[in-house]
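A closer look at the structure
Here are the chains, one letter per residue:
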Amino acid sequence: MSDAAHPPHPALLTGGALIVALAVGLALPLYADAMAGNPVRLLALPALLVLAIIFLYDRLVLLALVLLLRAAGDLVFESTRVDLGGLAIGFGGLVNAFVILIAVLLVAARPERFPRRIASAWAGFLVVALVGVALAPNLGDAVRTYLGLLSYFAVFVSAFYFVKGEGDFKVCVKLVLLSSLLPVAYGLAELAMHGLGGLQAFRMKSTFAHPNIFAFYLTLVLLVSLYALKSPAVRLTPLRRVLLTAYVPLLLGELLLTQTRSAWVACFAIFALYALLFERRYLVYLLLAPALALMVPGVRERVLDLGSGNEVVQYAKLNSFAWRLQIWEFGLRWIRPENLPLGYGLGAFKHFAPVFFPYSGGVNFGAHNIYVQILFELGAIGLAAFAWLVARLFASLRHMAAVDRLGAFVAIALVVEYLIISASDNILSYLAFNWYVWFVLGAACAVAAGRAAPAGAVTRAQGGAA
């Protein structure tokens, strides 16, 4: 059988369109009344209809479109949220549902392409997380968190259907690169509105909900930019090479302006490793980089901030690292022996933070460390399941070196970067960033598994009948 899928039957498309039209006709008066006064929410329904039409026509095109625009989506999605029965639902949640549904239908149509070995490790972690939902102190938050984890797995699996050969990895890289254009442009606009004065207090967040998320996303974009510039598999025209070469310093500049130290450390470590393994002359640039970065006032202040506020005394203000050490210590000490195997349930750390953390001020703080968070919420079994997932990733990705050494480095470096930044932030809750991470890792694992014939572009027909 050919890899190309048959297009949807005309009767199926017609029937689907009629059902959608009827449902919209019945719901439109109620929707318009509920969303009156909010133009962004009013536009959400037409946008949803467009997604539904693309979904009927070609699911992989829809997935590519979502990934192309998702990095710029947080600003819009936050304004579309409505409260239904105490549960906040917005356009972003509907997009998540589309992504999960795409993965389900792709697997149902072509089960032989399902990555069983790596998926079994994912399944172990998701099963433990599902137990965490049952134990959770806040069921609504736990369900929302679990659906987020499920969407990461969905994007990861969908990449195996997006990539049919080693040549398609570069298509995924280009998709991630293109997704950065809007956030980077918005970041420049944000800087222009702020002005160059007072950069010490300025933290660029662009289209994301927090500067840290933007910083972690930029480290990913920098990694794939490195691949696009250095890989012989990616053929760039002279103009595109010049533009991408100029784009990298812009990405680095915006990364500095996020003032996210863990992202700086991860980025420096990855590029140092690249220099050691591939091009030693880059070590000279890396030696100069810290000195140049410290010339930026905001960067200098963030580094010097670590030298004070390290002691817990009355009325003292802790720096962010010392504060993290405190919340980790109090959180781990609060775990009772009987809760160590399975934890307190998904979302429990944030829920109980005002109880066990004396410096919370009544705020439900996250753990800012996914290892502490997983141990607290899913117990030792959950932490072991996550460790097994990471181990299976490394085992799968190392096989990619046989066909694409630089691609294997980029994918493994991405896992290392993810593990580094996970030690100081709430990474599991950063949905957009995780989608891009797991999409790239899924594409790399697909290449490593030698999933299909030699290189070939992703065709539209591939996903149409899935």
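Everything below is about the structure shown above.
As the structure is a computational prediction, the values presented were derived from the model and not from experiment.

Rules behind the numbers
Sequence order as written defines residue numbering, which begins from 1 separately in each chain. Owing to the predicted nature of the model, reporting of local features is limited to residues with pLDDT of at least 70; listing and counting of side-chain atom pairs is limited to 80 or more, with chain, interface and lining totals taken over all residues. Computation of side-chain values: all heavy atoms of the structure, hydrogens and water removed. The helix count covers DSSP runs of H or I at least four residues long, the strand count covers runs of E at least two residues long, and both are numbered beginning at the N terminus. Between buried and exposed lies partly exposed: a residue is buried under 20% and exposed over 50% of the maximum accessible area for its type, with that area taken using a 1.4 Å probe on protein chains only. Here, Shrake-Rupley sampling with a 1.4 Å probe gives the accessible areas, and only protein chains in the shown set may cover a residue. For Phe, Tyr and Trp, rings pair up if their centres lie within 6.5 Å, where Trp contributes its six-membered ring, and each pair is then called stacked (planes under 30 degrees apart), edge-to-face (over 60) or tilted (otherwise). Geometrically, a lysine NZ or arginine CZ counts as sitting over a ring once it is within 6 Å of the ring centre and also within 35 degrees of the ring normal. Positive charges come from Lys and Arg alone, negative charges from Asp and Glu alone, with His and the N- and C-terminal ends not counted. When a carboxyl oxygen of Asp or Glu is within 4 Å of a side-chain nitrogen of Lys or Arg, the pair counts as a salt bridge. Two N or O atoms count as a polar contact when they lie within 3.5 Å, although within protein this holds only if one can serve as hydrogen donor and the other as acceptor, and sequence-adjacent residues are included solely when both atoms are side-chain atoms. The contact criterion used is simple: two residues touch if any of their non-hydrogen atoms lie within 4.5 Å. Residues grouped as a nonpolar core are buried Ala, Val, Leu, Ile, Met, Phe, Trp, Tyr and Cys residues, joined through side-chain atoms within 4.5 Å. Think of each axis as a best-fit line through the C-alpha atoms, taken over the contacting stretch in the case of a helix, with angles from 0 to 180 degrees between the N-to-C directions. In what follows, roughly perpendicular refers to angles from 65 to 115 degrees, roughly parallel to angles under 35, roughly antiparallel to angles over 145, and oblique to any angle outside these ranges. Rotating anticlockwise by less than a right angle from the far helix to the near helix defines a left-handed crossing, while the corresponding clockwise rotation defines a right-handed one. Gly is put with the polar residues, along with every residue not named as nonpolar or charged; the nonpolar set is Ala, Val, Leu, Ile, Met, Phe, Trp, Tyr, Cys and Pro, and the charged set is Asp, Glu, Lys and Arg.

So, on to the overall build of the protein chain. A count of helices and strands for the protein chain gives 20 helices and two strands. Looking at the protein chain as a whole, 49% of its 466 residues are labelled buried. With an accessible surface of roughly 21700 Å², the protein chain has 71% of that area assigned to carbon and sulfur atoms.

It is worth spelling out the packing of aromatic side chains at this point. Enumeration according to the criterion identifies 33 aromatic pairs in this entry. The interplanar angle of 40 degrees and the centroid separation of 5.2 Å between the aromatic rings of Trp 334 and Phe 352 together place this pair among those described as tilted. Here the residue Trp 334 occupies a position in helix 15 (residues 320-334), and Phe 352 occupies one in helix 16 (residues 348-356), the gap between them amounting to 18 residues. Site record: aromatic cluster; members linked through ring pairs are Trp 122, Phe 153, Phe 156, Phe 160, Phe 216, Tyr 418, Tyr 430, Phe 433 and Trp 438. Over the aromatic face of Trp 435 sits the side chain of Arg 70, whose NZ or CZ is 5.8 Å from the ring centroid. Note that Arg 333 overlies the ring of Phe 330, its terminal NZ or CZ placed 5.2 Å from the centroid.

To continue, consider the side chain of Asp 404. Considering the arrangement of structural elements, one finds Asp 404 in the loop between helix 17 (370-397) and helix 18 (405-421). Of the side chains with opposite charge, Arg 405 lies nearest to the buried Asp 404, which makes no salt bridge, at 9.1 Å. A polar contact is formed between the side chain of Asp 404 and the side chain of Tyr 227, at a distance of 2.4 Å. Excluding residues within four positions of it along the chain, Asp 404 makes contact with Phe 169 and Tyr 227.

The next subject is the nonpolar core. Ranked by internal contacts, the top residues of the largest apolar core, which has 124 residues, are Phe 156, Phe 169, Leu 220, Phe 433, Trp 435, Trp 438 and Leu 441. A total of 16 residues in this core trace back to one element, the largest contributor, which is helix 19 (residues 431-448). Look past the residues within four positions of Phe 433 in its chain and what remains in contact with it is Ile 213, Phe 216, Tyr 217, Leu 220, Glu 417, Tyr 418, Ile 421 and Ile 427. Core analysis: the second largest hydrophobic core is formed by 15 residues, Ile 327, Phe 356, Ala 367 and Val 372 among them.

Attention now moves to the environment of Leu 188. Relative to the helices and strands, Leu 188 resides in helix 9 (residues 181-194). The class for Leu 188 is partly exposed, based on a relative accessible area of 39%. Separated by 16 residues in the primary sequence, Leu 188 and Met 204 place their C-alpha atoms 9.0 Å from one another. Excluding its chain neighbours within four sequence positions, the residues that come into contact with Leu 188 are Leu 250 and Glu 254.

To continue, consider the pattern of salt bridges. In total, this model carries six salt bridges according to the counting rule given. Between Arg 144 and Asp 141 there is a salt bridge, with its nearest N and O atoms 2.5 Å apart. In this pair, Arg 144 and Asp 141 are both assigned in helix 7 (residues 139-162), three residues apart and thus about one turn of the helix distant. We note a salt bridge from Glu 279 to Arg 281, for which the minimum N-O separation is 3.0 Å. The network of salt bridges with shared partners includes Lys 230, Glu 279 and Arg 281.

Moving on: the environment of Arg 398. Along the chain, the position of Arg 398 falls in the loop between helix 17 and helix 18. A C-alpha to C-alpha distance of 7.7 Å links Arg 398 and Ile 412, two positions 14 residues apart in sequence.

Turning to the side chain of Ser 225, a few remarks are in order. Along the chain, the position of Ser 225 falls in helix 10 (residues 211-230). Under the relative-accessibility criterion, Ser 225 is labelled buried at 0%. Setting aside residues no more than four positions away along its own chain, Ser 225 makes contact with Leu 177, Leu 244, Val 248 and Leu 251.

This part takes up the packing of helix 10 against helix 18. The N-to-C vectors of helix 10 and helix 18 enclose an angle of 165 degrees; their axes lie 10 Å apart at closest approach. Judged by the angle between their axes, helix 10 and helix 18 are roughly antiparallel. Regarding helix 10 and helix 18, the two cross each other, and that crossing is right-handed. In contact with Phe 216, Thr 219, Leu 220, Leu 223, Leu 226, Tyr 227 and Lys 230 of helix 10, helix 18 contributes Leu 406, Gly 407, Phe 409, Val 410, Ala 413, Leu 414, Glu 417 and Ile 421. Among the residues making up the contact of helix 10 with helix 18, the classes are represented as 11 nonpolar, two polar and two charged.

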